[in-house]
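If you want the building blocks of each chain, they are given just below.
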Amino acid sequence: MKAKIYIKYKEGILDPQGSVTSSALKSIGIKGINSMGIGKVIEMDFNKKISKKNAIKITEESCKQLLANPNTETYTFIIEE
């Protein structure tokens, strides 16, 4: 079982890496992008003895306590079996 965690900046938080990348794409002729956000994807593999319910609990606690900054970031995740 695996958790895929997606972390991105909250709405209204400046994303300098996204802004620079968006500008760089425009400078090489790629058009049509209004804005861009760059976040993180984290994959967490669980051992075979962990239930889906426990995998959700572990993932939620990991995000709340360490992986995502609650002041500036949001997160979502999916559990794959």
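Above: the structure in question.
This structure is a prediction, so every number in the text was calculated from the model and none was measured.

Engineer: How should the side chain of Glu-73 be read in this particular structure?
Structural biologist: Relative to the helices and strands, Glu-73 resides in strand β3 (residues 73-80). A distance of 2.7 Å separates the side chain of Glu-73 from the backbone nitrogen of Asn-69, its partner in a polar contact. Contacts of Glu-73, omitting those with residues within four sequence positions, involve Ile-7, Lys-8, Tyr-9, Lys-10, Lys-40, Leu-67 and Ala-68.

Engineer: Can you walk me through the environment of Glu-11 in this structure?
Structural biologist: Note on placement: Glu-11 falls in the loop between β1 (2-9) and α1 (16-27). Separated by 20 residues in the primary sequence, Glu-11 and Lys-31 place their C-alpha atoms 23 Å from one another.

Engineer: Would you mind showing me how to read the pattern of salt bridges here?
Structural biologist: The final tally for this structure, using the stated rule, is four salt bridges. A salt bridge links Lys-2 to Glu-43, with the shortest nitrogen-to-oxygen separation between them at 3.4 Å. Taken together, the positions of Lys-2 in strand β1 and Glu-43 in strand β2 (residues 40-45) put the pair 41 residues apart, joining distant regions of the chain. Residue Lys-2 is classed as partly exposed on the basis of its relative accessible area, which comes to 24%. Measuring nitrogen to oxygen at the nearest pair gives 3.6 Å for the salt bridge that ties Glu-80 to Lys-4. Here Glu-80, found in strand β3, pairs with Lys-4, found in strand β1; they are 76 residues apart in sequence, far enough to count as distant. Classification of Glu-80 as partly exposed rests on a relative accessible area of 30%.

Engineer: I keep staring at the sheet that holds β1 and nothing clicks. Help me out?
Structural biologist: Sheet strands line up and pair through hydrogen bonds in the backbone, either parallel or antiparallel. Pairing is antiparallel in the open sheet, where three strands are placed in the order β2-β1-β3. Of all the strands in the sheet, just β2 and β3 have a single pairing partner and so form its edges. The sheet shows a mean angle of 20° between the axes of neighbouring strands, direction not considered. By the bridge criterion, six bridges tie β1 to β2 in an arrangement that is antiparallel. Bridge pairing in β2 links Tyr-6 to Val-41.

What counts as what
- Residues numbered from 1 in each chain as written.
- Predicted model: local features only at pLDDT ≥ 70, side-chain atom pairs only at ≥ 80, totals over all residues.
- Heavy atoms only, no water.
- Helix = DSSP H or I, 4+ residues; strand = E, 2+ residues; numbered from the N terminus.
- Polar contact = N/O pair within 3.5 Å; in protein donor to acceptor, adjacent residues only side chain to side chain.
- Contact = heavy atoms within 4.5 Å.
- Salt bridge = Lys/Arg side-chain N within 4 Å of Asp/Glu carboxyl O.
- Buried < 20%, exposed > 50% of the residue type's maximum accessible area, 1.4 Å probe, protein only.
- Pairing = 2+ DSSP bridges.
- Axes fitted to C-alpha atoms, helices over the stretch in contact; angles between N-to-C directions.

Purely geometric numbers; function is a separate question.
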